[in-house]
Amino acid sequence: MQTEQRTFIAVKPDGVKRGLVGEIIKRFENRGFKLIGLKMVDVTPEMAEKHYGEHKGKSFYNRLIEYIQSGPIVAMVWKGYDVISGSRQLMGSTRPLEAQVGTIRADFALVKEYNVVHGSDSVESAEREIAIYFDENELCDEYDNMAEIVIEKLDD
Ligand code: IDP
Ligand code: MG
């Protein structure tokens, strides 16, 4: 079944500080996904708590909330065929040493506390996370790109 989706992706503060923004964007573009939203954000405590609410109460929660506020993130919305699972595949496992070589986390990270990139894990979390960082009128979907060519081919 054709599943056109959108997802929230962020280059985390360690990824921004290490100059990995272009590299990460390139991998999503190369895959054929469509960039429809992009901005740098200094995450506020409120945004951090909303974003990572599912982890509240876990041992690493406070450190995670601090980490996501330790510098600007690059917040993005990507659209395309099965973009949620496709982007999780591009990112690799949460623990970089368990991630497949060739994924972002295996290629650019060593520890789960600094794993350079975030991506939504379901349609519901994608819509919830997009709404934390973007107004709908900030998203630019009105242009042709490879993602639509892929979907059109599926319709034949
Ligand atoms: P994900 O980013 O692969 O979706 P989640 O389980 O949603 O992984 O966790 C969110 C983030 O919290 C991870 O990317 C990682 O930076 C951090 N994290 C997850 N588990 C641990 C842990 O056990 N210790 C420390 N940090 C963790
Ligand atoms: Mg997650």
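Placed above this text is the structure.
This section reports on the structure supplied with the text.

## As for the site of ligand 1
Point 1. Ligand 1 sits among Lys-12, Tyr-52, His-55, Phe-60, Leu-64, Arg-88, Thr-94, Arg-105, Lys-112, Glu-113 and Asn-115.
Point 2. Within the side chain of Arg-105, one N or O atom sits 3.0 Å away from an oxygen atom of ligand 1.
Point 3. Here ligand 1, which alone exposes 530 Å², has 84% of that area covered by the protein.

## Topic: the packing of helix α2 (residues 21–31) against helix α5 (residues 83–91)
Point 1. Axis separation between α2 and α5 bottoms out at 11 Å; the angle between their running directions is 135°. In terms of orientation, α2 and α5 fall into the oblique class. Viewed along their axes, α2 and α5 form a crossing whose handedness is right-handed. The residues of α5 that touch α2, namely those facing Arg-27, Phe-28 and Arg-31, are Gly-86, Ser-87, Gln-89 and Leu-90.

## A closer look at a nonpolar patch on the surface
Point 1. A cluster of nonpolar residues, Tyr-81, Met-146, Ile-149, Val-150 and Leu-154, forms a patch on the protein surface that exposes about 410 Å² of accessible area.
Point 2. Top contributing element to the nonpolar patch by residue count: helix α8 (residues 146–155), with four residues.
Point 3. Relative to the helices and strands, Val-150 resides in helix α8.

## Side note on α2
Point 1. Taken together, the buried positions of α2 are Ile-24, Ile-25, Arg-27 and Phe-28. Looking straight down α2, one finds that the buried residues subtend no more than 155° of arc, so they occupy a single side.
Point 2. Elements in contact with the buried residues of α2: β1 (4–11), β2 (34–41), β3 (73–81), α5, α6 (104–108) and β4 (117–119).

## Details of the side chain of Lys-12
Point 1. In this fold, Lys-12 is placed in the loop between β1 and α1 (13–17).
Point 2. What Lys-12 contacts, discounting residues up to four positions off in sequence, is Tyr-52, Tyr-67, Ile-68, Ile-73, Arg-105, Asn-115, Val-116, Val-117 and His-118.

Cut-offs and rules
- Residues numbered from 1 in each chain as written.
- Chains lettered and ligands numbered in written order.
- Predicted model: local features only at pLDDT ≥ 70, side-chain atom pairs only at ≥ 80, totals over all residues.
- Heavy atoms only, no water.
- Near = heavy atom within 4 Å.
- Polar contact = N/O pair within 3.5 Å; in protein donor to acceptor, adjacent residues only side chain to side chain.
- Areas by Shrake-Rupley, 256 points an atom, 1.4 Å probe, with all protein chains shown as cover.
- Axes fitted to C-alpha atoms, helices over the stretch in contact; angles between N-to-C directions.
- Helix = DSSP H or I, 4+ residues; strand = E, 2+ residues; numbered from the N terminus.
- Parallel < 35°, antiparallel > 145°, perpendicular 65-115°, else oblique.
- Left-handed = near helix turned anticlockwise from the far one by under 90°.
- Contact = heavy atoms within 4.5 Å.
- Patch = residues over 30% accessible without salt bridge, like charges linked within 9 Å, V, L, I, M, F, W, Y side chains within 5 Å.
- Salt bridge = Lys/Arg side-chain N within 4 Å of Asp/Glu carboxyl O.
- Buried < 20%, exposed > 50% of the residue type's maximum accessible area, 1.4 Å probe, protein only.
- Arc of directions from axis to C-beta.

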